[in-house]
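Here are the chains, one letter per residue:
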Amino acid sequence: MRTTKWFAAMTAASLVLTLTACGSGFSSGNSSASQTPGKPLTVLIGSSGDAETTAVKDAVAAWSAKSGVQATVRTASNLNQELAQGFASKTPPDVFYLGADSIAGYAANGSLLAYGDTLANKADFYDSLVANFTVGGKFYCAPKDFSTLQLVINTDLWTKAGLTDADVPTTWDQLSSVSKKLTSGTTTGLVMSGEYARFGVFMTQAGGNLMNDTSTQATANTDANVKALQYVKDNLVAGDFKTAADVGAGWGGEAFGKQLGAMTIEGNWITGALKSDFPNVKYKVVELPAGPAGKGTLQFTNCWGIATDSQNTEGAKNLVAALTATDQQIAFSKAFGVMPSIKSAADAWKTANPALVPFINGAAYAKGVPTAAGSAAVVTDLNQKLAQLKGQDPATILAATQTNLQALVK
Amino acid sequence: MSTGTVTVTPEVSAPPRHHGGIRRRDAAAGWLFTAPVLVILGLFLAVPVVMALWVSVSDWSGRGSPFSSGVGFVGGANYQALVAGGLTTSDFGIALKNNLWYVLLVVPIQTALSLLLALLVNRQTIKGRGFFRTAFYFPSVTSSVAITVLWLFLFSTTGAINKLIAFFGAKGPNWFNEPAAVFHFGATSGPDWMMKGSALGMSWWDWLGGPSVAMCALMSMAIFTTSGTFMLIYLAALQNLSPEVFEAAEVDGASSWKAFWYVTLPQLRATTFTVVTLGMIGCWQVFDQIYTATQGGPAKTTLTPAYLSYSASFGQQKWGVGAAIAFVLFAIIIVFTLVPRWLLRERTPRAARARKAVA
């Protein structure tokens, strides 16, 4: 019996050892990858559709032809998962899309190359975007593009309610009163998703946000945030605001298109959705009203991440510089409607999209969502309660979020 | 639903052991012939399990190999995070609660339903038996992702289910977006003792609230897809029963209900154990429907430990916690398969008599 067991154990042990020897990365430490100039690059993107894929492929091909470095673009069906697999196997894509909420995790484990400060056009990026991609004082990656939230108004319902251009709300009180006027039958004045990524605009208008601009300090339970959520709650209770789920819609844009809401708070992606699903709905975009602390909105952004383990980081940096150049960003915005992340492309974008100017104007006062490692989970938890805000106490909700956020930055 | 493979090894007495040269050569040949399987099992089972076990007690952050020099041993810290309080704990509590209700409701219903279906299609008198057998088994053959997408359409606000409900004059819920717990019956808070007491960051009120409306839609799908498979297992068992026993029961004057309760069902004990065990394992591992349909929403009410493990690892780079959840889930599954084993154990007549005497 004993010999058999020994034999089995030895076989298992030798098996494990053999396998360990096979794995290339098992013994290596965290040293950065050896560099091979001119080595082909892989670009991994999470594409919104064919238009975006084609535009990125064309841009990368053009850069390849000019630089002589081969580069292939791959679209990920699940970007986060494919990135994680790449980092774990030490063969990550060289250049990739990266959301602001996942940057801290990858920065912490050293997967992400901090190259932002070496960019020639660093000063051209919007400051708030640079803050979004700065972790521990290091500017990690070049913002790809961005979007902000503004108020979208159904012009037919607006006129029907007897409202004119002069009635466009510029304060919270005015927003409440036009919402009341627009509420009738199955239509509610303002319908938006019941989550931080929408209600948060009121926090910024009151002078607050869940964390400070660099996501190093939790500021969830401030009076400004309580005041903002209380304002939203009062209007939800009055029935002049509703969440998309309350009216049976998946998001604000759907409720707006189905005329269940006369106004909504969304980003510039709503124009594409309305064009394809609800082409008959007439609308206009205006800036959100100012709160007690002035104008405010939230912004969402992605960056061009470069892997530390890339074997051609110089080539990757050159590629990113080409992809974030003014002309290229204008080309991208023409192809799939995104807003350029650099100030020098703003005028061209405004000329091309006159009806959407409020979105890009928002860049001046927009705040980012928290980017501290683990903050996405805290926001998900907060959203769970915000979906039921009508029956909850804003101060209690925010106190719990404060505790959760503090645990991330301690 | 993914169901694990269960190998049932019959209990055999150990063969007599031999020692000597010839037998030794046999042993070598035996190892040679089993080597391919050992290698495959080692490569795809033992090594990943050992790696995951190591990750669950390490601070591996997802970059490079978990066995590289920079990765440190942190003991039970990742497991502690699951019970120590904070967001990880409450997420784990919510996931456990959701999955517990899922198991408690899906397993009995799918077992009963599959037995019923098997009894129906086993009857000699029924017309078109072949058709019904195929029809009931069909959902099991279809990919779970395809069925999930079908379910999303059926249970949308303006979908077929709500149209049907509207036909009867009621208003259907917004199924996959409705986080309300069904046993709360619309109430938003309960008695004081239920609100105050808590375990794993969740009040008793929340623990006892039952599944959300969204989870109910997913549960109905699980029952729909798996009962066909289990029907097949029951059907095979039913066709194995010897007709003499039923004839004897008939001669003794047993009604068809009594024959089912006292003759059929006891003979299906082993099959029921298989079905319940497979059902439990499948239910605790529920992942693909969640991944396709809800990603844990609305309001985390369809979050399960399997999905939480995935999202902690791939979404938040908390690989240690993700692996720890996987091992806790493994332990839960082991415990839950022991329960039907104990409930459905063979009771010898003497033991039964002894119990009666005590009572």
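Residues numbered from 1 in each chain as written. Chains lettered and ligands numbered in written order. Predicted model: local features only at pLDDT ≥ 70, side-chain atom pairs only at ≥ 80, totals over all residues. Heavy atoms only, no water.

**Remarks on the side chain of A:N383**
Residues and elements named next belong to chain A.
And then number 1: By the secondary structure assignment, N383 is in helix α16 (residues 375-386).
And then number 2: On the basis of relative accessibility, which here comes to 19%, the residue N383 falls in the buried class.
And then number 3: Contacts of N383, omitting those with residues within four sequence positions, involve G194, E195 and Y196. (Helix = DSSP H or I, 4+ residues; strand = E, 2+ residues; numbered from the N terminus. Buried < 20%, exposed > 50% of the residue type's maximum accessible area, 1.4 Å probe, protein only. Contact = heavy atoms within 4.5 Å.)

**Looking at the nonpolar core**
And then number 1: Core analysis: the biggest nonpolar cluster contains 99 residues, and A:Y115, A:W304 and A:F332 have the highest contact counts within it.
And then number 2: If you look at the next biggest cluster of nonpolar residues, it comprises 48 residues, including A:L175, A:M192, A:V232 and A:L389. (Core = buried A, V, L, I, M, F, W, Y, C linked by side-chain atoms within 4.5 Å.)

**Here we look at the packing of helix α3 (residues 87-122) of chain B against helix α9 (residues 213-240) of chain B**
If you want to describe how two helices pack, look at the angle between their axes and the distance between the axes.
Residues and elements named next belong to chain B.
And then number 1: Running from amino to carboxyl end, α3 crosses α9 at an angle of 40°, the nearest separation of the two axes being 6 Å. By the angle class used here, α3 and α9 are oblique. When the axes of α3 and α9 are compared, the crossing they make is right-handed.
And then number 2: A per-class count over the contact of α3 with α9 returns 21 nonpolar, eight polar and no charged. (Axes fitted to C-alpha atoms, helices over the stretch in contact; angles between N-to-C directions. Parallel < 35°, antiparallel > 145°, perpendicular 65-115°, else oblique. Left-handed = near helix turned anticlockwise from the far one by under 90°. Nonpolar A, V, L, I, M, F, W, Y, C, P; charged D, E, K, R; others polar.)

**Points about the state of the cysteines**
And then number 1: Within the structure shown, the criterion is met by one disulfide over all chains.
And then number 2: Here A:C141 engages in a disulfide with A:C303; their sulfurs sit 2.0 Å apart. Disulfide A:C141 to A:C303: torsion about the S-S bond roughly -80°, handedness left-handed. Here A:C303 lies in strand β12 (residues 297-306) and A:C141 lies in the loop between β5 (138-139) and β6 (142-148), a separation of 162 residues in the sequence.
And then number 3: Taking relative accessible area as the criterion, A:C141 reaches 0% and is therefore assigned buried.
And then number 4: Not part of a disulfide, B:C216 finds its nearest cysteine sulfur in B:C283, a span of 13 Å. (Disulfide = S-S within 2.5 Å.)

**Structural notes on helix α14 (residues 305-315) of chain B**
And then number 1: Across the 11 residues of α14(B), 10 count as buried, placing the element largely inside the fold.
And then number 2: Along α14(B), the residues classified as buried are B:P305, B:A306, B:Y307, B:L308, B:S309, B:Y310, B:S311, B:A312, B:S313 and B:F314.
And then number 3: Of the surrounding elements, those touching the buried residues of α14(B) are α3 (79-88) and α4 (103-108) of chain A together with α3, α13 (288-293) and α15 (319-343) of chain B.
And then number 4: Looking one or two places after α14(B), you find B:Q317, whose phi comes out positive at around 60°.

**Focus: unusual backbone geometry**
Glycine aside, a negative phi is what most residues show, and trans is what most peptide bonds show.
And then number 1: We note that A:Q259 has phi near 60°; this positive angle belongs to a residue other than glycine.
And then number 2: Assignment of secondary structure puts A:Q259 in the loop between α10 (252-257) and β10 (261-266).
And then number 3: Within the chain, B:Q317 stands out as a residue other than glycine whose phi angle is a positive 60°.
And then number 4: Relative to the assigned elements, B:Q317 resides in the loop between α14 and α15.
And then number 5: When its relative accessible area of 10% is taken as the criterion, B:Q317 is described as buried.

**Observations concerning the domain arrangement of chain A**
Often, the extent of an interface is quoted as the loss of accessible area upon association of its parts.
Residues and elements named next belong to chain A.
And then number 1: Taken domain by domain, chain A holds domain 1 (41-147 + 300-368) and domain 2 (148-298 + 372-409).
And then number 2: Computed over C-alpha atoms only, the centres of domain 1 and domain 2 are separated by 28 Å.
And then number 3: Taken together, the contact between domain 1 and domain 2 spans 22 residues of the former and 24 residues of the latter.
And then number 4: Between domain 1 and domain 2, roughly 1,900 Å² of surface is buried when both sides are summed, and carbon and sulfur atoms account for 63% of that area. (Domains from an automatic or database assignment. Buried area = accessible area lost by both parts, 1.4 Å probe.)

**Brief notes about the confidence of the model for chain B**
When pLDDT drops low, the exact placement of atoms in the prediction is not to be read closely.
All names here are of chain B.
And then number 1: Confidence along chain B averages 85 in pLDDT terms, with 91% of residues attaining 70 or more.
And then number 2: Across chain B, α3 holds the top mean pLDDT of 93, while helix α16 (residues 349-358) sits lowest at 54.
And then number 3: Predicted confidence for residues 1-11 stays below pLDDT 50, and this span has 17 contacts to residues more than four positions away or in other chains. (pLDDT = per-residue confidence, 0-100.)

**Thoughts on the pattern of salt bridges**
And then number 1: Summed over the entire model, instances satisfying the criterion amount to 17 salt bridges over all chains.
And then number 2: Between A:K284 and A:D165 there is a salt bridge whose closest N-O contact spans 2.8 Å. Residue A:K284 is found in strand β11 (residues 283-286), and its partner A:D165 is found in the loop between α6 (155-160) and α7 (172-182); the two are separated by 119 residues along the sequence.
And then number 3: Owing to a relative accessible area of 23%, A:K284 belongs among the partly exposed residues under this scheme.
And then number 4: The exposure class assigned to A:D165 is exposed, which follows from its relative accessible area of 59%.
And then number 5: For the salt bridge of A:K317 with A:E314, the shortest nitrogen-to-oxygen distance reads 3.5 Å. With a gap of three residues between them, A:K317 and A:E314 both fall in helix α12 (residues 313-323), about one helical turn apart.
And then number 6: A single network of salt bridges, built from pairs that share partners, joins A:D381, A:K385, B:D91 and B:K300. (Salt bridge = Lys/Arg side-chain N within 4 Å of Asp/Glu carboxyl O.)

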